[in-house]
Structure formats: structure tokens, C-alpha cells
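Descriptive analysis of the structure
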Amino acid sequence: MKKLSLVTKIFIGLIAGIVVGILMQSVPEVATTYIKPFGTLFLNLIKLIIVPLVLSSLIVGTCSLGDVKKLGRIGGKTMLYYLFTTAFAVTIGLVIANLSNVGAGFSIPTDAVVETTEAPSIVDTLLKIIPTNPFKAMVEGDMLQIIAFAIIFGAGIMGVGIEGKGKILFNFFDATADVMYKITATIMEFAPIGVFALMTPVIAVNGPAVLLPLLKLIVVVYAGCLIHAIFTYSTTVAVFAKISPIKFFKSISPAMLFAYTTASSSGTLPINMRCVEDNIGVSKSISSFVLPLGATVNMDGTAIYQGVCAFFIAQVYGVDLSISAQAVIILTATLASIGTAGVPGAGMIMLTLVLESVGLPLEGIALIAGVDRILDMARTVVNITGDAACSVIVAATEGELNREIANS
Ligand code: ASP
């Protein structure tokens, strides 16, 4: 019998999870008690590798870029693509929310619980990027700080010289990154079971009863995600990297499926790296720079979600959002998505920042909290797809794309 591919196996796990979840709707506590722990175990295994992987691969990625000029150029291209596509993503979210009247006809349930978190200010967020103590950042898993440290450290090794004194450090982190990939590959063998165990309780707990009243919001967020993925990524990948969009999406489909079930960009990072390197031919130095950065700062799906949700909450509370208020949303959602961690639910916390910027009631978050996981899964897929698209484009424009693999 032909061996099933990883994506097929994960897909089977996903479908099985949905079916079993539906069957267990009357006993959601059984799914949460007995099945969820296997999903959590799987997620923990993935999380275990994130900090060492991001640190080592970004250090290696940075110093293997060769010189500071190249680092600046690639860093510039990457950030430009990330910022531009994210701003475009919020815009798509707002346009489709306007056109569909996403919040119309929804009445505020009286039992809505107010549970919000104070959003940090933008200046604070920016200042906190540079860690005063890199070890503390690693212990606490502060990804933005780890990224900043890794890039600075990598640039330092480059300054000392990879062939000189820096060699031992380069080899050390290079080996560490390889070990992390190896561990990832082993953990991925269990992905179908992990995905099944993550999916079942989500469906069992959030059955149709919870979903129906907010169905329109879900459809609009999913539609926004789909439009952005198909339009923005297909076009940019085809134009800038000269790669067929079908080839692109097919190549990263295991990562997309994985992101859908785990709702974590960081957790999907190792598999995303494998997909773009092995299936599209992106060089290791580009993927290990662009992807860890993207998994933390580039969140197009989150931006779409924030745009749609801000509009939804405005409509539900009868607030008219002017064009200038919507422009403020585009700006804050772009910044908020940069500060969003690549973990489940982070985008909802950062939504408070967006709501605050235009004076919308934070209580609105309570309305969407019940279905947030369903929205989170879709936005995470878009988040990691944007990272992959950027890595392909940067690699292509730098001549670091293996055309034999890319055009096969
Ligand atoms: N879960 C998302 C991610 O990891 C972040 C979010 O909550 O929007 O990409």
C-alpha cells in the first residue's frame, strides 16, 4: 500500500476530530477530560522546541546572510512585505465587514460577561522589544525580545567573522537548529493523533448552538481570510517569485492544516520551515531568518479578524465608524498584529488595543469570546501562509530559490 503523506494523515486526524467532536456534543466534558490532554501533550512537545529553534535558527539565519548590508536589505524587504500585506489585510477585513453589514441584526445578550485585559501602549510595546536581560526573555518565552537578541547576536558573530572566532558559535547554533528540526520531524509523526485530540474538544464544546448566532461573523472572517490568501499571496508569489500559486499552496498545505488545528503560528514554525525548504526550495539562510521573524511579527489573519471584529462590535453597539476612524483601525490593527504573540487567543487580547483606539466598548469582546477559537484557527492559517509567501519572495529576489524544486 502506498504510504500516506503527512498532509493526508493530518487531514484524516482533522476530519476524525470533527466527526467525533460532533458525536460528543452531549458529553463535552468527556472530550475535555479524556481527549484534550493528548492534544495538550502534543502542543507541549511542539512548544518545547520553539525557543531554542527560533533562537538558533535566527542566529544562524542572520550570520549566514554574510554581511550587514545584506542583512539590512533582506530585513528591509521582509518588513516591507509584512507591513504592506498586513495593512492590506485589515483593509480587506473592513471592506468586507462594511459590505456584508456583519453586525446588523445582532442584539446584545444581556448576560455578556465583561472580561478584558488592559492593552499595553504602542510606545511600551516598541521599547520592550530590546531585552535588558536576554536570558530572562528566553525563560519567559518573550518572542519579540528573543528575536531582537538573536538578530543582534547573529550580527555580532558576523562582525567577528564566521571563519574566525565566530566559527565555533556559528557551528554550535547551526547544530542546535539541526537537532531541533530532527526533533520536530519525530514529533510530527504524532501530528495526526495530536490534531485529532485538539479538534475533538473544540467541536464538542463549541457545537452549532454556540456558533449559530455568530455565524455571520464567522463567515465574514473566513471569507476575508480566503480572499486575502487567494488574492494577495497568489498574486505576490506569482509576480515576485514567478511560482505557480497552486504549487505554493500545495507545498505548504501541511503547515496550513497544522496551523488550523493548533491556532499557533509559533507552533507551526518548524513545519512551515520544512515545507518552504523541502517543497519549494527556499534556502535555509532565508527561511531561518524570514520565518521565525514572521511567526511573531507578521499576522495578516489576525489583522483581518481585528478589522472585521471592530466593525462588528461598532454595529452591534450602534456606533457609526467614520472613514477616519476606519483609517485609525488600519493603523492600530497593523501595529497590534505585530505585537500579537503567535499563540492561541493572543489576537483577541490585542483586539482591545484596536477597540480602544477608536473608543469602541471593550465589552464587545465578550460577544466574540465564545467563538474566538473558531476564528483563531482560520486567522492562524493566514498568518503562517503570509510568512511562507514572504520567504519565497525574498528567496526568489535574492537568487536563493532552488528553481528545480520551485518549478517542479
Ligand atoms: N493564534 C494566532 C497565531 O498564533 C494569533 C492570534 O490569536 O491572532 O498566529
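Structure's up top.
So, here is what we can say about the structure in this document. This structure is a prediction, so every number in the text was calculated from the model and none was measured.

Examining the overall build of the chain
The secondary structure content of the chain amounts to 19 helices and 0 strands. Scaling as 2.2 N^0.38, a compact globule of 408 residues should have a C-alpha radius of gyration of about 22 Å, and the chain matches this with 21 Å. When the backbone C-alpha atoms are referred to their principal axes, the chain occupies close to 65 × 55 × 40 Å. Counting only residues that meet the buried cut, the chain has 54% of its 408 residues in that class.

Here we look at the site of the ligand
Around the ligand, the surrounding shell holds 17 residues, and the nearest of these are S265, T302, G347, D376 and R379. In this structure, A346 approaches the ligand through a main-chain N or O atom, which is 3.1 Å from an oxygen atom. At 3.2 Å from a nitrogen atom of the ligand is found a side-chain nitrogen or oxygen belonging to T380. Its free accessible area being 270 Å², the ligand has 100% of it covered by the protein chains. Listed by contribution, the elements that provide at least two residues to the shell around the ligand are α16 (346-357) and α18 (372-397). The dominant element in the shell around the ligand, judged by the number of residues it contributes, is α18, at 4 residues.

Notes on helix α6 (residues 143-160)
Compared with the 26 Å implied by 1.5 Å per residue over 18 residues, the 25 Å span of α6 between its first and last C-alpha is a close match. In the core, the buried residues of α6 are packed alongside α2 (28-63), α3 (68-100), α5 (134-140), α7 (167-188), α13 (284-297) and α15 (323-339). Downstream of α6 by a residue or two, G161 has a phi angle that is positive, lying close to 110°.

Looking at the pattern of salt bridges
Side chains that carry opposite charge are capable of pairing whenever their charged atoms lie near each other. The final tally for this structure, using the stated rule, is 8 salt bridges. What you see here is one network of salt bridges that share partners, running through R73, K77 and E398.

Here we look at a nonpolar patch on the surface
A grouping of F38, L41, L45, L48, V179 and I183 is seen on the molecular surface, where their side chains present a nonpolar patch of about 540 Å² in accessible area. Elements with a contribution of two residues or more to the nonpolar patch: α2 and α7. Looking at which element gives the most residues to the nonpolar patch, the answer is α2, with 4 residues.

The rules we used
Residues numbered from 1 in each chain as written. Predicted model: local features only at pLDDT ≥ 70, side-chain atom pairs only at ≥ 80, totals over all residues. Heavy atoms only, no water. Helix = DSSP H or I, 4+ residues; strand = E, 2+ residues; numbered from the N terminus. Rg over C-alpha atoms; globule rule 2.2 N^0.38 Å. Buried < 20%, exposed > 50% of the residue type's maximum accessible area, 1.4 Å probe, protein only. Near = heavy atom within 4 Å. Polar contact = N/O pair within 3.5 Å; in protein donor to acceptor, adjacent residues only side chain to side chain. Areas by Shrake-Rupley, 256 points an atom, 1.4 Å probe, with all protein chains shown as cover. Expected span 1.5 Å × (residues − 1). Contact = heavy atoms within 4.5 Å. Salt bridge = Lys/Arg side-chain N within 4 Å of Asp/Glu carboxyl O. Patch = residues over 30% accessible without salt bridge, like charges linked within 9 Å, V, L, I, M, F, W, Y side chains within 5 Å.

It is worth stressing that arrangement in space is one thing and function is another; only the former is reported here.
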